[in-house]
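Listed below, chain by chain, are the residues.
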Amino acid sequence: MEDPALDPDIEAFYSRLGENDRLVVPPDGRLEYLRTQILLRRLMDGENLRVLDVGGGTGVHSAWLAKDGHAVTLVDPVAAQVEAARTLNGVEAVTGDARKLEFDSGFFDVVLMLGPLYHLVDREDRLAALREGRRVVRDGGLLAVATINRASAWFDELTRESTGDPEQEPTIDEGAAHFETGVLDLVAKGIFTRAYFHRPQDIAEEFTAAGLPAPHQYQIEGQLAWSPHLASILDDPAQREGALRMTELMEADPSLLGVGPHLLSAVRK
Ligand SMILES: C[S@@+](CC[C@H](N)C(=O)[O-])C[C@H]1O[C@@H](n2cnc3c(N)ncnc32)[C@H](O)[C@@H]1O
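Keep in mind the model is a prediction, meaning the values are calculated, not measured.

The next subject is the overall build of the protein chain. Counting its regular elements, the protein chain contains twelve helices and nine strands. Over its C-alpha atoms the protein chain spans a radius of gyration of 18 Å, differing by no more than 12% from the 18 Å that the globule rule assigns to 269 residues. Looking at the protein chain as a whole, 48% of its 269 residues qualify as buried. Put simply, 72% of the contacts in the protein chain that link residues at least 6 apart link residues at least 24 apart. Of the roughly 12900 Å² that the protein chain leaves accessible, carbon and sulfur atoms contribute 52%.

Here we come to the sheet that holds strand β9 (residues 262–268). Taken in spatial order, the seven strands line up as β3-β2-β1-β4-β5-β9-β8 in an open sheet, and their pairing is mixed. The open sheet terminates on both sides in strands that have one partner only, identified here as β3 (91–95) and β8 (216–219). Pairwise comparison of adjacent strand axes, ignoring direction, gives a mean angle of 20° for this sheet. Note that strand β1 (residues 50–54) and strand β4 (residues 108–113) share four bridges and pair parallel. Pairing of Val54 across the sheet is with Met113, part of β4. Packing of helix α4 (residues 60–67) onto the sheet brings it into contact with β1, β2 (71–76), β3 and β4, and relative to β2 it is tilted by some 170°.

Using the criterion set out here, one finds four aromatic pairs in the structure. Where Phe13 meets Tyr14, the ring centres are 5.0 Å apart and the plane angle is 85°; that geometry is what we call edge-to-face. The pair Phe13 / Tyr14 is uniform in exposure class, with both members buried. Seen from their ring centres, Phe107 and Phe108 are 5.0 Å apart, and the 80° between their planes marks the pair as edge-to-face. Note on Phe107: relative accessible area 36%, which makes it partly exposed. Using a relative accessible area of 2% as the deciding quantity, one classes Phe108 as buried. Joined through ring pairs, the aromatic side chains of Phe103, Phe107 and Phe108 make up one cluster. A cation sits over an aromatic face here: Arg50 above Phe107, 4.0 Å from the ring centre. Cation over ring: Arg126 sits above Tyr196, and NZ or CZ is 3.6 Å from the ring centre.

On to unusual backbone geometry, then. Phi angles above zero are rare outside glycine, and Asn48 is one such case at about 50°. You can see Asn48 is positioned in the loop between α3 (27–43) and β1.

Here is what the cut-offs are and how they apply
- Residues numbered from 1 in each chain as written.
- Predicted model: local features only at pLDDT ≥ 70, side-chain atom pairs only at ≥ 80, totals over all residues.
- Heavy atoms only, no water.
- Helix = DSSP H or I, 4+ residues; strand = E, 2+ residues; numbered from the N terminus.
- Rg over C-alpha atoms; globule rule 2.2 N^0.38 Å.
- Buried < 20%, exposed > 50% of the residue type's maximum accessible area, 1.4 Å probe, protein only.
- Contact = heavy atoms within 4.5 Å.
- Areas by Shrake-Rupley, 256 points an atom, 1.4 Å probe, with all protein chains shown as cover.
- Pairing = 2+ DSSP bridges.
- Axes fitted to C-alpha atoms, helices over the stretch in contact; angles between N-to-C directions.
- Phe/Tyr/Trp six-rings, centres within 6.5 Å; stacked < 30°, edge-to-face > 60°.
- Lys NZ or Arg CZ within 6 Å of the ring centre and 35° of its normal.

In structure tokens:
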């Protein structure tokens, strides 16, 4: 494959370095961070693992993975984010693209793709990224991929009062078209980039089309993300423990996989 081109709108969006705060400040981001840690720590059995964080951004996950004692390499196409990640202890950060990874085959124990598939709106690009993930993970190693759930744009709309302003938020017609195609383009509204939202069965099918086994799938945040009381639930230790227990109980229930914001699909090669 030729060197893949990065969409300039994606570069501009992430060069603002908003990823630094996204998982630390707003309650939905805090929940995403917490649940990603819970799931990955459970799935990554072993110490001192070689971890590749593809699309790792400013290194929010790489930072705690390195603190846990793993040897972490972050790769991301947005130079400003890679520069920020380079300041993290124990993290090696390089620029690069999920569709063409510049690493030896079978080098990593764990390959994470927590974001790149959101931004690859063409199926062939998503399959190229999954094939590269498969190539660079060792036999028996773990590949874990996050996707945005297709229905979550609508659930997200339902949690906030509409401004009624089509310049600022998707119209019902845009929402309906997005639910059909999975592609949502929020560049003009200044909210997000161009993105692809998967249904759970779509990402499972893409794994097999890329030569991977069918994945195990886990809701990351689950229904908890849509609670109007999320901030106070997370701030109260007893409520938080109870809510996390319910989320864990329901995380892999097939009838619920698509209802939260993000899904984690994971396989051992
Ligand atoms: C929503 S952010 C997620 C960052 C981080 N992994 C996290 O979970 O917070 C999506 C990331 O994917 C990166 N990305 C976009 N297109 C990519 C591509 N083709 N290859 C690798 N990463 C890409 C972006 O630069 C951005 O850092």
